[in-house]
Amino acid sequence: MQIQLICVGNRMPDWVTKGYEEYAKRMPRECALQLREISPGKRGKHSDIDRAIHEEGQKMLAAIPSGDRVVALDLSGKEWSTPRLADTLSGWLGEGRNVSLLVGGADGLAQSCLAKADDRWRLSALTFPHPLVRIVLAEQLYRAWSILNNHPYHR
């Protein structure tokens, strides 16, 4: 199984890239984590935000391989504890499908992405900067894997 993290945003600061890569490289081949960056829609003083979100959504949908389980990171989703994420990861591994996790831009995900999602996951009631979400996701997926494999990292 592969987990693809599809995120709106590119040209991340070096600390974001290093943080994400640190946890992504720890993931075993059985659930490898890959990042797919989507360029953000144009925003400015007189830009159409709905159009930008729609364009981002179209790019995200095009990046989802056929047959993947789709999980949208969204405020309307369910919050998962770390043990719940471990159980979910175990289910994904047993299902045998690849997983695409969708992380929208500053204005959220397009409705088309939410409609495509098999699940909606809310990381927290807190608001995180989008670059930090990549690191948090990678770390939590590694932590979930470590729980499933009795690895000492989770302690």
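Everything numeric here is computed off the predicted structure, so don't read it as measured data. (Residues numbered from 1 in each chain as written. Predicted model: local features only at pLDDT ≥ 70, side-chain atom pairs only at ≥ 80, totals over all residues. Heavy atoms only, no water.)

Describing the confidence of the model for the protein chain
Detail in the predicted coordinates should be disregarded across regions flagged by low pLDDT. To keep things clear, this is the line we draw: By definition, pLDDT measures how confident the predictor is in each residue, and it falls between 0 and 100. By the criteria applied, helices consist of DSSP H or I runs no shorter than four residues and strands consist of E runs no shorter than two, each listed in order from the N terminus.
Taken as a whole, the protein chain shows an average pLDDT of 93; of its residues, 99% reach a score of 70 or greater. Within the protein chain, helix α2 (residues 49-63) has the poorest average pLDDT of any element, 94, and strand β4 (residues 99-103) the best, 98.

Overview of helix α1 (residues 14-24)
Under the convention used in this document: Throughout this description, buried means an accessible area under 20% of the type-specific maximum (1.4 Å probe, protein chains only), exposed means over 50%, and partly exposed covers the range between. Relevant arc is that of directions from the helix axis to the C-beta atoms, nothing else. Whether two residues touch is decided by their heavy atoms; if any such pair falls within 4.5 Å, the residues are in contact.
Regarding α1, the residues found buried are V16, G19, Y20, Y23 and A24. Buried residues of α1 fall within an arc of 130° about the axis and therefore sit on the same side. In α1, those exposed residues whose orientation departs by more than 90 degrees from the buried face are W15 and K18. Residues of α1 that are buried in the fold lie against β1 (2-8), β2 (32-38) and α5 (130-148).

Digging into the layout of surface pockets
Here is the rule we go by: Cavities and pockets are defined on a 1 Å grid built over the protein atoms alone: a cavity is a set of grid points where a 1.4 Å probe fits but cannot escape, while a pocket is an open set with protein on both sides within 12 Å along at least five of seven lines, and lining residues are those with an atom within 4 Å of any such point. Grid points are joined across faces, edges and corners, and a volume is the space filled by probe spheres set on the points.
Estimates place the volume of the largest pocket at around 410 Å³. Forming the boundary of the largest pocket are 19 residues, of which L73, D74, L75, F128 and H130 lie nearest the centre. Mapped onto the lining of the largest pocket, the elements with two or more residues apiece are β3 (69-79), β5 (119-122) and α5. Ranked by the residues each element gives to the lining of the largest pocket, the list is headed by β3, at three residues.

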